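An overview of the molecular structure
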Amino acid sequence: MYRFLLSRQWVILTLIALVLVPTMIELGFWQFHRHERRVAQNALIADSIAAKPVPVEELTSPGHTVPRSDYWRPVTATGTFDTAHEVVVRRRTSSDERVGVHILSPLVLRDGRTVLVNRGWIPAAADQHSYPQVPPAPKGEVTVSGRLKADETTGASGIKDLKGLPDRQVMLINSKQQAELIGREVLGGYLEQTGPEPAGDTPELIPEPDHTSIGAHMAYAVQWWLFAAGVPVGWVILVRREKHDRQTSASSGTEGDDTPGTPETDPEAIQATPSL
């Protein structure tokens, strides 16, 4: 009764099931690994933010690549803002998802080196070719506190580094690019300002990164694994149903068939045909 499994339709259905099961299992592990990475990142952010602030020079230097273990570490920097080389970073969103720009201001330290400071978010200009109204940076020597961040790259951020932009507008926050523009040594990475609070609440400081939400990745992983378990169960149910339907069809075709056929010839009922 299971010979029907060799039919073209059932062979295709079985092959599809065999492909779906490992695919769904793999998708489940993909979501599970995303969950693990999210948990690990939340722990890293929480530990980094809780660390004691240190001078930025202790964690980075010109040409230095900020390691992941130092992301979001509280740092301080004392110097004077170089507003002549200030730029804005395009296509950045505020805490309420409005599109605007970030203000990137070089801070010249006492030793002559420079650290980039992301002073926060402001609305973009009316058109993309104009430079927005940037709130002035504090004058004189100032001590800035903030979170240390790594240089942005297209590969890591997914932001395309467009060329031919208007003057003093960039797509990425990158210390090497700014060092070429400024003509001065720039510390690797940049400082995401948390203090002092700007006058008039503008620019809008970058909020602390979320490190409490773990997302729905674990739920998605469980769903994929349940789907993977459901495929063979569904296949067995379909096979049993097909078998039952075939048995029912065969039974009704033999026992319930009372249609008269060609009558058999009874020798005793044959009468001799009189010869003429």
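Please refer to the structure placed before this passage.
Report follows, based on the coordinates. (Residues numbered from 1 in each chain as written. Predicted model: local features only at pLDDT ≥ 70, side-chain atom pairs only at ≥ 80, totals over all residues. Heavy atoms only, no water.)

1. Things to note about the overall build of the chain
- Scanning the chain from N- to C-terminus turns up four helices and eight strands.
- Along its sequence from the N terminus, the chain presents helices and strands in the succession α-β-β-β-β-β-β-α-β-α-β-α.
- What you see for the chain is a C-alpha radius of gyration of 37 Å, clearly larger than the 19 Å of a compact globule of 276 residues, by over 25%.
- Principal-axis analysis of the C-alpha atoms gives the chain an extent of 140 × 40 × 35 Å.
- For the chain, the residues scored as buried account for 33% of the 276 residues in total.
- In the chain, the proportion of contacts linking residues at least 24 apart, taken out of those at least 6 apart, comes to 70%.
- In the structure as shown, the chain presents an accessible area of about 17,200 Å², 57% of it carried by carbon and sulfur atoms.
- Of note, the chain has its 27 positive side-chain charges centred 7 Å away from the centre of its 33 negative side-chain charges. (Helix = DSSP H or I, 4+ residues; strand = E, 2+ residues; numbered from the N terminus. Rg over C-alpha atoms; globule rule 2.2 N^0.38 Å. Buried < 20%, exposed > 50% of the residue type's maximum accessible area, 1.4 Å probe, protein only. Contact = heavy atoms within 4.5 Å. Areas by Shrake-Rupley, 256 points an atom, 1.4 Å probe, with all protein chains shown as cover. Lys, Arg positive; Asp, Glu negative; His and termini not counted. Charge placed at Lys NZ, Arg CZ, Asp CG, Glu CD.)

2. Comments concerning unusual backbone geometry
- In the segment running from Gly-195 into Pro-196, the intervening peptide bond is cis, with an omega of 0 degrees.
- Here Pro-196 shows up in the loop between strand 8 (190-195) and helix 4 (217-254).
- Cis geometry is adopted by the peptide bond preceding Pro-203, which originates at Thr-202 and carries an omega value of 0 degrees.
- Relative to the assigned elements, Pro-203 resides in the loop between strand 8 and helix 4.
- In this structure, Trp-72 is a non-glycine residue whose phi angle is positive, near 65 degrees.
- In this structure, Trp-72 sits in the loop between strand 1 (54-55) and strand 2 (74-81).
- Unusually for a residue other than glycine, Arg-168 sits at a positive phi of about 65 degrees.
- Structurally, Arg-168 is set in the loop between helix 2 (154-157) and strand 7 (169-170).

3. Observations concerning the layout of surface pockets
- Estimated volume of the largest pocket: approximately 680 Å³.
- Lining the largest pocket are 22 residues, and of these Arg-92, Lys-149, Glu-152, Tyr-190 and Glu-192 sit closest to its centre.
- Per-class residue counts for the lining of the largest pocket are nine nonpolar, seven polar and six charged.
- Along the wall of the second largest pocket there are 19 residues; nearest its centre are Gln-169, Val-170, Gln-177, Gln-178 and Leu-181.
- Contributions of two or more residues to the lining of the second largest pocket are made by strand 7 and helix 3 (175-182).
- A per-element tally of the lining of the second largest pocket places helix 3 first, with four residues. (1 Å grid on protein atoms, 1.4 Å probe; cavity = no way out; pocket = protein on both sides within 12 Å on 5 of 7 lines; lining within 4 Å. Points joined across faces, edges and corners; volume = space filled by probe spheres on them. Nonpolar A, V, L, I, M, F, W, Y, C, P; charged D, E, K, R; others polar.)

4. Observations concerning a nonpolar patch on the surface
- A cluster of nonpolar side chains, contributed by Val-11, Leu-15 and Leu-18, occupies part of the molecular surface with about 280 Å² of accessible area.
- Its place among the elements puts Val-11 in helix 1 (residues 8-49). (Patch = residues over 30% accessible without salt bridge, like charges linked within 9 Å, V, L, I, M, F, W, Y side chains within 5 Å. Salt bridge = Lys/Arg side-chain N within 4 Å of Asp/Glu carboxyl O.)

5. Section: helix 1
- With 42 residues, helix 1 ought to run about 62 Å at 1.5 Å a step, and its terminal C-alpha atoms sit 61 Å apart, in line with that.
- Looking at helix 1, one finds that the buried residues are Trp-10, Ala-17, Met-24, Gly-28, Gln-31, His-35, Asn-42, Leu-44, Ile-45 and Ser-48. (Expected span 1.5 Å × (residues − 1).)

6. Side note on the environment of Ser-48
- Considering the arrangement of structural elements, one finds Ser-48 in helix 1.
- The spacing of Ser-48 and Tyr-2 is 46 residues in sequence and 63 Å in space, taken between C-alpha atoms.
- Setting aside its immediate chain neighbours within four residues, Ser-48 contacts Ser-69, Tyr-71, Trp-72, Arg-73 and Pro-74.

7. Considerations on the pairing of strand 4 (residues 99-109)
- The buried count for strand 4 comes to nine of 11 residues, which makes it a mostly enclosed element.
- In this sheet, strand 4 lies alongside strand 2 in antiparallel orientation, the contact comprising three bridges. Residue Phe-81 lies in a different strand from strand 4, and its bridge partner there is Leu-107.
- Here five bridges tie strand 3 (residues 87-93) to strand 4, and the two strands are oriented antiparallel to one another. Counted as the bridge partner of Val-88 is Ile-103 from strand 4.
- Linking strand 3 back to strand 4 in an antiparallel pair, the connection comprises five residues, with Glu-97 at a positive phi of about 70 degrees.
- As paired strands, strand 4 and strand 5 (residues 114-123) are joined by nine bridges and run antiparallel to one another. Following the sheet pairing, Leu-107 is matched in strand 5 by Val-115.
- Counted between consecutive antiparallel strands, the loop separating strand 4 from strand 5 contains four residues, among which Gly-112 sits at a positive phi close to 95 degrees. (Pairing = 2+ DSSP bridges.)

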